[in-house]
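Close look at the chain arrangement
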Amino acid sequence: MEGHSQMGLMGESFDTSNLLGRMRDDEYESRSGSDNFDGGSGDDQEAGDDQPQKKKKKYHRHTPQQIQELEGFFKECPHPDEKQRTDLSKRLGLENKQVKFWFQNRRTQMKTQMERHENMILKQENDKLRAENSVMKDALANPICNSCGGPAIPGQISLEEHQTRIENARLKDELNRICALANKFLGRPLSSMASPLALPAPNACLELAIGRNGLAGPSNFGMPLPMGLDVGDGVLGSSPIMSSRSSRSPMGMMGNDSQMERSMLLDLALSAMDELVKMAQPDSPLWIKYSDSRNELLNHEEYARMCSPYIGPKPAGYVTEASRATGMVLANSLALVETLMDVDRWSEMFGSIVASAATLDVISSGTGGTRNGALQVMLAEIQLLSPLVPPRQLSFLRFCKQHAEGVWAVVDVSLDIARNAANCHPIVSCRRLPSGCVIQDMPNGFSKITWVEHSQYDESVIHQLCRPLVSSGIGFGAQRWIATLLRQCECLAILMSSAGTSDDSTVMSQAGRRSLLKLAQRMMEYFCSGICASSARKWDILPIGNLGDDMRIMARKNGDDPNEAPGIVLSASTSVWMPVSRQKVFDFLRNGQFRGEWDMLSNGGSMQEMVHIAKGQEDGNCVSILTANGTESNVQYLQESWTDASGSMVVYSPINMQSLNVVLSCGDSSFVALRPSGFAILPDGHPVNGDSSEGGGSCLLTVGLQMLQNSNQTSKFTVESVETVHHLLSCTIQKIKDALGVA
């Protein structure tokens with residue numbers, strides 16, 4: 001802002017006549033406005049300066065009484081007329097010309113004092129702006145990379161640097177205000193002295209996002225998105241620039257205007273963050289409480305008024321799902337933020353919800369060594385553990401911001417409506433409206449987390465049996481995310497505690513325990529992929545005509561995984577409604593004593609728990625090794641079970657004794673082949689149904705079985721294998737119903 005440096009000379013920037021006037025004003029001021037030449041006018045005095053002085057000029061000093069009278073009259077009337085000056089001269093014993101010159105000098109003196117005071121204020125403000133601008137110029141001249149600490153690559157602008165540019169724009173507005181003030185008091189513009197500084201041209205398009213939110217920023221998309229940035233049907237609303245769908249990356253759609261698109265992405269992220277914070281407020285009018293004062297319903301009229309000016313209309317056939325939940329989590333805000341912003345840790349934390357996830361691009365990794373301001377483009381599949389509910393594929397922005405000390409927020413917002421992949425799996429067309437969580441640190445290492453889930457989706461591909469579960473917000477809603485997070489944090493706390501890691505700690509070492517837990521985690525992932533047909537594993541749905549619409553049989557080739565035996569793996573799954581409480585079904589299925597009542601492969605006998613690793617306060621949250629009573633079989637069963645407010649699971653897989661011994665002796669568990677089967681027990685979505693442990697209520701029971709085809713032809717399945725897995729699934733469901741007294 002070199003052009004602004006002239007502001008410091010405001011007080012000295014007048015023309016020659018003004019300067020002479022100020023010199024004369026100083027002379028008059030030194031005499032307190034009380035002296036004047038005897039009988040001479042101002043012009044006479046100036047003319048006398050050009051002539052040789054023949055005699056010493058005589059000054060007339062007014063008396064204190066005369067000055068007091070003149071000052072009093074000046075306060076009432078600074079510009080007296082001829083009659084008023086004549087009356088004053090007679091009353092004070094002065095000549096009319098003396099009174100006239102006194103008032104002229106007094107007015108000049110007051111004007112000079114006001115100008116000096118105003119110039120001093122302007123000079124102080126200008127010095128402050130020059131100092132701040134000098135700091136910004138140094139920062140722009142030597143940019144530093146936030147990631148590596150070295151010099152930044154020319155052409156790349158960090159979020160922090162762009163905030164500096166925005167601050168510079170604010171200072172330009174402030175400078176214009178100062179120039180207007182100077183014009184008002186000095187009677188002349190200062191544009192020739194203080195020309196505003198223009199931002200560098202290569203990134204001038206970044207200023208497009210400053211208008212509404214005051215923030216924008218760049219990105220270099222390292223890889224193209226698999227889905228176009230659909231502004232017409234997506235969250236951004238209709239736009240003539242990006243309204244058409246395309247399989248190209250968003251950068252390709254805008255050509256050379258990539259910087260403009262980066263600015264749009266940041267604008268979208270900031271708008272979504274503002275909306276999330278509004279929806280997370282405890283007493284927000286956006287939510288209407290049910291009569292039970294626990295559940296809430298979104299006030300759509302209030303939402304349309306407060307939060308959605310940039311969201312396009314809801315597509316035809318779509319329904320809205322919105323929920324909010326709050327919980328106390330045993331983790332600090334920084335740890336939770338890091339988990340949410342790291343795609344691998346996020347997928348592992350919410351393994352039963354997130355089928356697969358990937359970070360497509362990191363627009364900003366944060367500022368100041370933290371995740372504040374981090375922005376990334378992600379792709380994920382969100383699943384519900386039932387073959388009757390296809391997974392949701394989402395391409396979205398994830399933005400993290402620190403709002404205060406110990407208060408963070410992470411928001412997601414869709415970039416496009418997901419479309420079907422190359423396979424023939426049904427995909428729920430869905431867009432995620434601003435959703436996420438606000439995290440606040442609490443005493444004793446806890447954090448209060450408020451989670452908001454808001455989406456619009458196509459309901460037509462969801463089976464009628466599961467539509468109440470999804471539309472109620474229980475299936476994909478905030479309560480499920482909170483419940484999963486609470487359970488996982490409790491599990492981590494127990495596993496890290498030396499007092500409660502295992503009931504047989506004298507037998508198994510910590511390394512053996514970790515190896516077994518890792519194997520159980522892989523078993524859960526395999527089971528979930530076989531239920532939901534996610535893209536995490538390459539399942540092909542078999543078109544078998546005699547199957548009902550509530551049952552699915554899939555197959556995948558096992559040769560791609562070196563840890564499993566080659567062959568064809570078949571998976572059969574279905575969901576049925578059970579007029580029994582979820583807790584009762586869970587207790588029955590996880591108990592080894594009742595295993596023979598439903599397990600077709602247990603020969604009707606019970607099983608005994610040989611190893612037990614607790615993963616929660618509930619008895620059912622654990623990893624176990626089961627063995628059949630009264631047999632010398634070489635096959636054991638690895639079983640994991642858990643329950644929380646969103647649902648329950650019991651998953652098991654046969655494992656031979658040799659492999660188990662290697663795992664328990666701290667060996668590598670990745671080589672162990674798994675064929676997981678099990679159950680997912682979910683609420684049915686009907687609020688009128690209870691869920692008590694005494695037998696009332698109802699639930700949805702999902703059953704999934706996997707088996708390796710016993711055939712020398714490993715490239716295709718056989719009809720006998722399909723019939724076998726179908727028969728096992730049907731018999732298992734019937735045995736469970738019989739044991740629980742369900743007709």
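The structure displayed is predicted, hence computed values, not measured ones. (Residues numbered from 1 in each chain as written. Predicted model: local features only at pLDDT ≥ 70, side-chain atom pairs only at ≥ 80, totals over all residues. Heavy atoms only, no water.)

**Observations regarding the overall build of the protein chain**
Cut-off, in case you're wondering: What counts as a helix is a DSSP run of H or I of at least four residues, what counts as a strand is a run of E of at least two, and both are numbered from the N terminus. The contact definition used throughout considers only heavy atoms, calling two residues in contact when any of these lie within 4.5 Å. Areas reported here follow the Shrake-Rupley algorithm with a probe of radius 1.4 Å; residue values treat only the protein chains shown as occluding.
Regarding its fold elements, the protein chain presents 18 helices and 21 strands. Across the protein chain, the fraction of contacts at a sequence separation of at least 24, relative to all contacts at a separation of at least 6, is 66%. Accessible surface for the protein chain amounts to roughly 35000 Å². Of this, 52% is attributable to carbon and sulfur atoms.

**Describing the side chain of R106**
Put simply, the test is: A 1.4 Å probe rolled over the protein chains alone gives each residue an accessible area, and that area as a share of the maximum for its type sets the label: buried under 20%, exposed over 50%, partly exposed in between. Contacts described as polar in this section are N or O atom pairs within 3.5 Å, which, within protein, must combine one atom able to donate a hydrogen with one able to accept it, while residues neighboring in sequence count only if both atoms come from side chains.
Counting through the fold element by element, R106 comes out in helix α5 (residues 96-141). Owing to a relative accessible area of 14%, R106 belongs among the buried residues under this scheme. Here E71 takes part through its side chain, which lies 3.0 Å from a polar atom of the side chain of R106. Not counting residues up to four positions away in its chain, the partners in contact with R106 are E71 and F74.

**A look at the pairing of strand β12 (residues 447-458)**
Short version of the rule: Should DSSP find at least two bridges between two strands, the strands are regarded as paired.
Where burial is concerned, most of β12 is hidden: 11 out of the 12 residues are buried. Both strand β5 (residues 318-329) and β12 contribute to a ladder of 12 bridges, which runs antiparallel. Each residue of the ladder has a partner; that of T326, found in β12, is T450. Note: strand β10 (residues 430-432) against β12, 3 bridges, orientation antiparallel. Note that in β12 the partner of R431 across the bridge is Q456. Where strand β11 (residues 435-441) lies against β12, 6 bridges are found, and the strand directions are antiparallel. Counted as the bridge partner of I439 is I449 from β12.

**A short note on a nonpolar patch on the surface**
How we decide: Patch members must show over 30% relative accessible area and no salt bridge, and they are joined within 9 Å when carrying like charges or within 5 Å when they are nonpolar side chains of Val, Leu, Ile, Met, Phe, Trp or Tyr. Salt bridge, as used here, is a side-chain nitrogen of Lys or Arg placed within 4 Å of a carboxyl oxygen of Asp or Glu.
A contiguous nonpolar surface patch, about 320 Å² in accessible area, is contributed by M328, L330, M442 and F446. Positionally, F446 belongs in the loop between β11 and β12. Residue F446 is classed as partly exposed on the basis of its relative accessible area of 31%.

**Some points on the pairing of strand β7 (residues 375-382)**
Judged by how many residues are buried, β7 sits mostly within the fold: 7 of 8 residues are covered. With 8 bridges connecting them, β7 and strand β8 (residues 392-404) associate as antiparallel partners. Bridged to Q376 within β8 is R398.

**Things to note about unusual backbone geometry**
A positive phi is found at N444, a non-glycine position, where the angle reads about 65°. The class of N444 is exposed, set by a relative accessible area of 71%.

**Some details on the packing of helix α4 (residues 82-92) against α5**
We count it as follows: Helix axes are fitted to C-alpha atoms over the stretch in contact, other axes to C-alpha atoms as well, and angles between N-to-C directions run from 0 to 180 degrees. Orientation labels follow simple angle bins: below 35 degrees gives roughly parallel, above 145 gives roughly antiparallel, 65 to 115 gives roughly perpendicular, and whatever is left gives oblique. Left-handed describes a crossing whose near helix is turned anticlockwise from the far helix through less than a right angle; right-handed describes the clockwise counterpart. Think of it as three bins: nonpolar holds Ala, Val, Leu, Ile, Met, Phe, Trp, Tyr, Cys and Pro, charged holds Asp, Glu, Lys and Arg, and polar takes everything else, Gly as well.
Where α4 meets α5, the axes come as close as 8 Å, and the angle between the chain directions of the two elements is 115°. In terms of orientation, α4 lies roughly perpendicular with respect to α5. Regarding α4 and α5, the two cross each other, and that crossing is right-handed. For the pair α4 and α5, contact is made by E82, R85, T86, L88 and S89 and by N96, V99, K100 and F103, respectively. The class makeup of the residues in the contact of α4 with α5 is 3 nonpolar, 3 polar and 3 charged.

**A word on the nonpolar core**
In plain terms, the rule: Side-chain atoms within 4.5 Å are what join buried Ala, Val, Leu, Ile, Met, Phe, Trp, Tyr and Cys residues into a set we call a nonpolar core.
Grouped together as the largest cluster of nonpolar side chains are 43 residues, with contacts concentrated most on W346, F350, I382, W451 and L485. The greatest single-element share of this core, amounting to 5 residues, is contributed by helix α14 (residues 478-496). Setting aside residues no more than four positions away along its own chain, W346 makes contact with T339, L340, V354, A357, M378, A380, I382, F396, R398 and W481.

**Quick word on the packing of aromatic side chains**
The criterion, for reference: Any Phe, Tyr or Trp ring, taking Trp's six-membered ring, that has another such ring centre within 6.5 Å forms a pair; planes under 30 degrees apart are called stacked, those over 60 apart edge-to-face, and the others tilted. Criterion for a charge above a ring: Arg CZ or Lys NZ at most 6 Å from the ring centre, at most 35 degrees from the ring normal.
Counted according to the given criterion, the structure contains 13 aromatic pairs. Ring geometry for W346 against W481: centres 6.3 Å apart, planes inclined by 5°, an arrangement best described as stacked. Of the two residues, W346 sits in helix α12 (residues 343-349) while W481 sits in helix α14, which places them 135 residues apart along the sequence. Centre to centre, the rings of W598 and F679 are 5.0 Å apart; their planes meet at 85°, and the pair counts as edge-to-face. Remark: F679 occurs in strand β20 (residues 677-682) and W598 occurs in the loop between α16 (582-590) and β16 (607-614); sequence separation between them is 81 residues. Take W598 and F679: they sit in the same class, and that class is buried. One aromatic cluster is present, built from ring pairs that chain together W346, F350, F396, W451 and W481. Positioned above the aromatic ring of W346, the side-chain terminus of R398 is 4.2 Å from the ring centre.

**So, the pattern of salt bridges**
Side chains carrying opposite charge are able to pair once their charged atoms draw close together. Here the structure, examined in full by the defined rule, presents 17 salt bridges. Notably, a salt bridge pairs R398 with D412, separated by 2.7 Å at the nearest N-O pair. Of the two residues, R398 sits in strand β8 while D412 sits in strand β9 (residues 407-417), which places them 14 residues apart along the sequence. Note on accessibility: R398 and D412 belong to one class, buried. Salt-bridge contacts for D412 lead to R432; the nearest nitrogen and oxygen are separated by 3.3 Å. Here D412 is found in strand β9, whereas its partner R432 is found in strand β10, with 20 residues between them in sequence. Both residues of the pair, D412 and R432, count as buried. Three or more residues joined by partner-sharing salt bridges are found here, namely R398, D412, R432 and E453.

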